[in-house]
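Below, each chain spelled out in residue letters.
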Amino acid sequence: MKTFKPEMTLDMAVNHLKFIEGESVMNVTPIEMGELSKVFSYCKGEADYVIHFKDNGDSLHKALKIYDMYGTQFLPIPRIHKIGKVENIHFSISDKVSGTPISALEPPQIRGLIPDIVHQFMRIRQIHIGESYEGYGWINPEGKAAHHSWLDYMTSVFDEEQEGFYHGWKNLYESSFLEKDFFEEIYKTMIELVRYSPPERYLVHGDFHLGNMLGENENVTGIVDWEMAMFGDFMLDVSVLHMWYPMLEFPKRLQQAMEQQGFSIPYFEERLLGHQLFKALDGLRFYAKKDDPHSYQFMKNQIMSLLNQ
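Below: a short report on this structure. (Residues numbered from 1 in each chain as written. Predicted model: local features only at pLDDT ≥ 70, side-chain atom pairs only at ≥ 80, totals over all residues. Heavy atoms only, no water.)

**Looking at the overall build of the chain**
Counting its regular elements, the chain contains 10 helices and 12 strands. In terms of C-alpha radius of gyration, the chain reaches 20 Å, essentially the compact-globule figure of 19 Å for 309 residues. Its C-alpha atoms give the chain principal-axis dimensions of about 55 × 50 × 40 Å. Considering only intrachain contacts with a sequence separation of at least 6, the fraction spanning at least 24 residues in the chain is 69%. Accessible surface for the chain amounts to roughly 15,500 Å². Of this, 48% is attributable to carbon and sulfur atoms. In the chain, 29 side chains carry a positive charge and 44 a negative one; their mean positions are 1 Å apart. (Helix = DSSP H or I, 4+ residues; strand = E, 2+ residues; numbered from the N terminus. Rg over C-alpha atoms; globule rule 2.2 N^0.38 Å. Contact = heavy atoms within 4.5 Å. Areas by Shrake-Rupley, 256 points an atom, 1.4 Å probe, with all protein chains shown as cover. Lys, Arg positive; Asp, Glu negative; His and termini not counted. Charge placed at Lys NZ, Arg CZ, Asp CG, Glu CD.)

**Thoughts on the packing of aromatic side chains**
As enumerated under the stated definition, the model contains 22 aromatic pairs in all. Residues tyrosine 153 and phenylalanine 278 carry aromatic rings whose centres are separated by 6.4 Å and whose planes lie at 55° to one another, so their mutual orientation is tilted. With tyrosine 153 in helix 4 (residues 150-156) and phenylalanine 278 in helix 9 (residues 268-290), this residue pair connects regions lying 125 residues apart in the sequence. By the burial criterion, tyrosine 153 is buried, and phenylalanine 278 matches it. Among the aromatic side chains, those forming a connected cluster through ring pairs are Trp150, Tyr153, Phe158, Trp169, Tyr173, Phe183, Tyr187 and Phe278. Its guanidinium or amino end placed over the ring of phenylalanine 234, arginine 271 lies 5.3 Å from that ring's centre, counting from NZ or CZ. Here the guanidinium or amino end of lysine 300 rests over the ring plane of phenylalanine 182, the centre of that ring lying 5.0 Å away. (Phe/Tyr/Trp six-rings, centres within 6.5 Å; stacked < 30°, edge-to-face > 60°. Buried < 20%, exposed > 50% of the residue type's maximum accessible area, 1.4 Å probe, protein only. Lys NZ or Arg CZ within 6 Å of the ring centre and 35° of its normal.)

**A look at the sheet that holds strand 10 (residues 213-216)**
Spatially, 6-10-11 is the arrangement adopted by the three strands of the open sheet, whose pairing is antiparallel. Looking at strand neighbours, the two that pair on one side only are strand 6 (100-101) and strand 11 (219-223), the edges of this open sheet. Along the sheet face, helix 3 (residues 107-125) touches strand 10 and strand 11 and points at about 45° away from the line of strand 11. (Pairing = 2+ DSSP bridges. Axes fitted to C-alpha atoms, helices over the stretch in contact; angles between N-to-C directions.)

Function cannot be inferred from these measures alone, as they are strictly geometric.
Structural data, given as structure tokens:
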């Protein structure tokens, strides 16, 4: 199985941190988080911090932009102190907020956090983007997105000639276990469902699951990893959380909370299914590229289950 994380041992991280922060760094500890970065917590003085190491620095600058735009006033995003490069590796340093990744908590503790997860999601949904930040899709380090519509963005994700990680990805049909007929059939279904998305733009986290949230008692203390943030349909975030944690019944709880405020979500079921298929297709492609047949089959089973509901 392949890995796309940078090579970074604990000793390497300690050496980099001492160069960046000085000899006073203590208690450097790995944190298992994400597929593309190596993450460590550490102490300096009386404060605790987190450092992310990545091969590419664009997403780190983007996360800083999201913090500058929304973290200081609206959302529980840990403060980002520094972004830079040491030798050939990019890094960002942020506060380590109190709490534990919610995914690591016991089921009763998770259930106690569900009301605040719904509350925090609604806060994200209520953010006014404004005309100063344009476009749909992935937000760049300048706070803008490149696409003219949400559907335009969704189709671009699967362009073969895109730059970066998925350049030439359709070669996976020949070089891996990615099944062309199955993939393209589900893709057509997904596109038809995503057409139900409205033109209104919302801030979308892009990877909204319990591993990217910290909780303490009954409060969400932090929402982290905004590197996939975008402008578009908030139902993408609803779909991600529901796919990985269906036992939370998050879509149902969100609808109830919206109705209590006098709002309804148009074409809720169509948008929910369409965005679940979108994320599942991206998962199939990722696990094929990663050479991870077990996770690939899990994601394929998820798709079949969704279509049989």
